[in-house]
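Residue-level listing of the chains:
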Amino acid sequence: MSTAPDIDTITSLIAEAAETLVLPRFRNLAPDDIEDKSTTGDREDLVTAVDRDVEAFLTRAFTQLEPAATVIGEEAAFARPELVDRLQGDAPVWIIDPIDGTRNFARGRDAFGVMVARAVAGQTTAAWILLPARGDTFVAEAGAGTRLNGERIRVPARPAGAPLTGSLFTHYMPPDIRRTIENGAGALERLPDSHCAAVEYTDTLRGEKDLLIYYRLLPWDHAAPALILTEAGGVVRHLDGKPYTVRSRNQVTLVGRTPAVVDEARAWFATGR
């Protein structure tokens, strides 16, 4: 039997990592602190010494707090892809994205975050997003809602008649699927993207975007923000109508501010609009 650590304990650990490891190096990285780990077909995929330090700090902490759990960090999974298979079991798993938006962090932009999720039997039970340079901490527990800096937050209602706004993330889509999505989403008013899921999801939660469309579903990119958005009233659903889980494979996935937004977007592709 494994008991989940206290929510506030995890929040404090993530804040400690940000204060001691992230912010002191923000806009203060040496050239040899940054590496390119891109593979063929990927956009520039950077990792910094800070990514590795944060992941190591949190991995040690979570292992001590919950020895029965597996910890899957983005950088560990890059070296050992088989770690992701642990999500298929029933035991608890901690999922860490030590710096989401590493390119932004490396270039001194504030659109980056630390993301953590805890999943059991394929379902996310708790999630954290800390945006260190912006001073925002989002925390969600399954069935208990989402809090921003300690205060309950809900997705705001959409203005009546307003056009849908948002962003498409088509880079990793197969060409035929990309064409379908680009053609079908013609009614979407495109907004620039931040290259950071932590920011994209939380912007949607705040009502700054209505819809995001993803295809690549790396668990460290989506597990935490999906729970944080859905516990605040948003929706993360695949094109076939099934909800996202940490076990979801790559597929077209709609991240919506409201259920109505996702229903409208699904209708675009169902009708070939």
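Scroll up a little and you will see the structure.
What comes next is a walk through the structure. (Residues numbered from 1 in each chain as written. Predicted model: local features only at pLDDT ≥ 70, side-chain atom pairs only at ≥ 80, totals over all residues. Heavy atoms only, no water.)

### Description of the sheet that holds strand E13 (residues 235-238)
Let me state the cut-off plainly: In this analysis, strands are considered paired if DSSP registers two or more bridges between them. By the criteria applied, helices consist of DSSP H or I runs no shorter than four residues and strands consist of E runs no shorter than two, each listed in order from the N terminus. Only heavy atoms enter the contact rule, under which two residues are in contact if any of them lie within 4.5 Å. Comment: axis = line fitted to C-alpha atoms, over the contacting stretch for helices; angle = value between 0 and 180 degrees taken between N-to-C directions.
Here we have five strands laid out as an open sheet, ordered E11-E10-E12-E14-E13, and mixed in their pairing. Across the chains shown, the open sheet's two edge strands, defined by having one partner strand only, are strand E11 (189-190) and E13. As paired strands, strand E10 (residues 165-168) and strand E12 (residues 211-214) are joined by three bridges and run parallel to one another. Within E12, the residue paired with Leu168 across the bridge is Ile213. Each of E12, E13 and strand E14 (253-256) is contacted by helix H7 (residues 219-230), which is oriented at about 125 degrees to E13, the strand it contacts most.

### Quick look at unusual backbone geometry
Note: most peptide bonds trans; most residues except glycine with negative phi. How we decide: Type-normalised accessible area, obtained with a 1.4 Å probe on protein chains alone, sets the label of each residue: buried when under 20%, exposed when over 50%, and partly exposed for intermediate values.
One non-glycine residue, Asn149, adopts positive backbone phi at about 50 degrees. With respect to the helices, strands and loops of the structure, Asn149 is situated in the loop between strand E8 (145-148) and strand E9 (151-152). Given a relative accessible area of 43%, Asn149 falls into the partly exposed group. The phi angle at His195 is positive, at roughly 60 degrees, despite the residue not being glycine. If you trace the backbone, His195 turns up in the loop between E11 and helix H6 (197-205).

### Structural notes on the sheet that holds strand E7 (residues 136-141)
As summarised here, the arrangement of the seven strands in space is E3-E4-E5-E6-E7-E8-E9, forming an open sheet in which the pairing is mixed. Of all the strands in the sheet, the pair left with one neighbour each is strand E3 (70-73) and E9. With six bridges joining them, strand E6 (residues 123-131) and E7 adopt antiparallel strand pairing. Pairing of Leu131 across the sheet is with Asp136, part of E7. Set on the sheet, helix H2 (residues 49-65) makes contact with E3, strand E4 (93-100) and strand E5 (113-120); between it and E4 the angle comes to about 155 degrees.

### Section: the packing of helix H1 (residues 7-22) against H2
Basically, it comes down to this: Oblique is the label for any angle not covered by the other classes, which are roughly parallel (under 35 degrees), roughly antiparallel (over 145) and roughly perpendicular (65 to 115). The crossing is said to be left-handed when, going from far helix to near helix, the turn is anticlockwise and less than a right angle, and right-handed when the turn is clockwise. For this scheme, ten residues count as nonpolar: Ala, Val, Leu, Ile, Met, Phe, Trp, Tyr, Cys and Pro. Four count as charged, namely Asp, Glu, Lys and Arg, and the remainder, Gly too, count as polar.
Relative orientation of the contacting elements H1 and H2 amounts to 155 degrees, with a least axis distance of 10 Å. Classified by the angle between their axes, H1 and H2 sit roughly antiparallel to one another. Considering only the axes of H1 and H2, their crossing is right-handed. The segment H1 lies against H2, with Thr9, Ile10, Leu13, Ile14, Glu16, Ala17, Leu21 and Val22 engaging Val50, Asp53, Val54, Phe57, Leu58, Ala61, Phe62 and Leu65. Of the residues that constitute the contact of H1 with H2, the class distribution is 13 nonpolar, one polar and two charged.

### Let's talk about the nonpolar core
For clarity, the cut-off: For the purposes of this section, nonpolar cores are sets of buried Ala, Val, Leu, Ile, Met, Phe, Trp, Tyr and Cys residues that join through side-chain atoms within 4.5 Å.
With 40 residues, the main nonpolar core has Ile95, Tyr201 and Leu205 as its most contacted residues. Looking at this core, the elements that each hand over two or more residues are E4, E5, E6, E7, H6, E12 and H7. Among the elements that take part in this core, H7 stands out by supplying seven residues, more than any other. If we ignore the near neighbours within four places in the chain, the residues touching Leu205 are Phe138, Thr146, Ile153, Arg154, Val155, Pro156, Ile228, Leu229 and Ala232.

### Quick look at the pairing of E5
Judged by how many residues are buried, E5 sits mostly within the fold: seven of eight residues are covered. In the sheet, E4 pairs with E5 via six bridges, with the strands oriented antiparallel. Counterpart to Ile96 in the pairing with E5 is Val116. As judged from the seven bridges shared by E5 and E6, these two strands associate in the antiparallel manner. Paired with Arg118 across the strands is Ala126, a residue of E6. What sits between the antiparallel neighbours E5 and E6 is a turn of two residues, in which Ala121 has the positive phi angle 50 degrees.

### Some details on the pattern of salt bridges
It is possible for side chains of opposite charge to pair when their charged atoms get near one another. What counts here: A side-chain nitrogen of Lys or Arg and a carboxyl oxygen of Asp or Glu constitute a salt bridge if their distance falls within 4 Å.
Scanning the model with the defined rule gives 12 salt bridges in all. The closest approach of N and O atoms between Arg118 and Glu66, which form a salt bridge, is 2.6 Å. With a gap of 52 residues between them, Arg118 in strand E5 and Glu66 in the loop between H2 and E3 connect regions that are remote in the sequence. For the pair formed by Arg118 and Glu66, the shared burial category is buried. One salt bridge connects Lys209 with Glu200, and the closest N-O pair in it is separated by 2.6 Å. Here the two residues Lys209 and Glu200 agree in accessibility, since each one is buried. Look at the salt bridges and you will find they share partners, linking Arg158, Asp210 and Arg257 into a network.

### Focus on the side chain of Glu231
To keep things clear, this is the line we draw: Residues scored as positive are Lys and Arg, those scored as negative are Asp and Glu, and His as well as the terminal groups of each chain are ignored. N or O atoms closer than or at 3.5 Å make up a polar contact, with two conditions inside protein: a donor-capable atom paired with an acceptor-capable one, and, for residues adjacent in sequence, both atoms drawn from side chains.
Along the polypeptide, Glu231 turns up in the loop between H7 and E13. One buried charged side chain, Glu231, makes no salt bridge at all; its nearest oppositely charged neighbour is Arg154, positioned 6.5 Å away. A distance of 2.8 Å separates a polar side-chain atom of Glu231 from the backbone nitrogen of Gly143. If we ignore the near neighbours within four places in the chain, the residues touching Glu231 are Ala140, Glu141, Ala142, Gly143, Ala144, Gly145, Thr146 and Arg154.

Shape is all these values report; function is a separate question.
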